[in-house]
Amino acid sequence: VQLQAYGGGLVHPGGSLRLSCAASLLSFNTYVMGWFRQAPGKEREFVSAISWNGDSPRYADSVKERFTISRDGAKSTVYLQMNSLKPEDTAVYYCSARYSPTGVVKSNSYEYMYWGQGTLVTVSS
């Protein structure tokens, strides 16, 4: 199982980025996909997650109305569209996968068994 996250970079405050995570999973459509982030000196925190059928997306309060998670089953890829970025969004972003045929979305990192390598997002003027 491999999760390959990409799309990070340097962006000005108020700008946008789209992160992608390509997954090589036996059956992508039985996994809940999540995004977490870790800022320097801070613990990893939940950002967003989505069930295998695209229903029930969940967001951290800090990113609601600004970030949108989506997935493409045909491409086994999950996306995180990030708009109105703030300096406090600066972090390494990790994609993750949680096996759940019932599609139950969780926000605790220990619920996710597979992790990508992370992609750095820097929001700075």
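Cut-off values and rules
Position numbers for residues count from 1 along each chain, tracking the sequence in the order it is written. Confidence filtering applies because this is a predicted model: local features only for residues at pLDDT of at least 70, side-chain atom pairs given and counted only at 80 or more, and all residues used for totals across whole chains, interfaces and linings. Heavy atoms from the whole structure form the basis of all side-chain values; hydrogens and water molecules are not counted. A run of H or I in DSSP becomes a helix once it reaches four residues, and a run of E becomes a strand once it reaches two; helices and strands are each numbered from the N terminus. Note on classification: 1.4 Å probe, protein chains only; a residue is buried when its accessible area is under 20% of the maximum for its type, exposed when over 50%, partly exposed between these limits. What makes two strands pair is DSSP finding at least two bridges between them. Any two rings among Phe, Tyr and Trp, with Trp reduced to its six-membered ring, count as a pair given centres within 6.5 Å; such a pair is stacked if its planes are under 30 degrees apart, edge-to-face if over 60, and tilted if neither. Criterion for a charge above a ring: Arg CZ or Lys NZ at most 6 Å from the ring centre, at most 35 degrees from the ring normal.

Moving on, we get to unusual backbone geometry. Apart from glycine, the bulk of residues carry a negative phi angle, and the bulk of peptide bonds sit in the trans form. Located in the positive-phi region is glutamate 65, a residue other than glycine, with phi close to 75 degrees. When you line up the elements, glutamate 65 lands in the loop between strand 6 (58-59) and strand 7 (67-72). Of note in the backbone geometry, serine 76 takes a positive phi value of approximately 50 degrees without being a glycine. For serine 76, the position within the fold is in the loop between strand 7 and strand 8 (77-82).

Side chains on a regular strand alternate between the two faces of the sheet. Counting buried positions over the nine residues of strand 9 (residues 91-99) gives seven, a clear majority of the element. Across eight bridges, the pairing between strand 4 (residues 31-38) and strand 9 is antiparallel. Bridge pairing links tyrosine 31 to tyrosine 99 in strand 9. Bridging between strand 9 and strand 11 (residues 119-123) involves three bridges; their strand directions are antiparallel. Paired with alanine 91 across the bridge in strand 11 is valine 121. Summarising the sheet, strand 9 and strand 10 (residues 114-115) pair through two bridges and their orientation is antiparallel. Bridge pairing in strand 10 places serine 96 opposite tryptophan 115.

With that out of the way, let us pick up the packing of aromatic side chains. All told, the structure shown has six aromatic pairs when counted by the stated rule. Measuring from ring centre to ring centre gives 5.4 Å for tyrosine 31 and tyrosine 99, while their planes differ by 65 degrees; the resulting arrangement is edge-to-face. With a gap of 68 residues between them, tyrosine 31 in strand 4 and tyrosine 99 in strand 9 connect regions that are remote in the sequence. Judged by relative accessible area, which is 8%, tyrosine 31 ranks as buried. On the basis of an interplanar angle of 55 degrees and a centroid distance of 6.1 Å, the ring pair of tyrosine 31 and tyrosine 114 is categorised as tilted. One end of the pair, tyrosine 31, is in strand 4; the other, tyrosine 114, is in strand 10, and 83 residues separate them in sequence. Here the aromatic residues Phe36, Phe46, Tyr112 and Trp115 are joined through ring pairs into a cluster of three or more. In this structure, arginine 44 is placed above the aromatic ring of tyrosine 94, and the distance from its NZ or CZ to the ring centre is 3.9 Å. A cation over a ring is seen here: arginine 44 above tryptophan 115, with NZ or CZ 4.7 Å from the ring centre.

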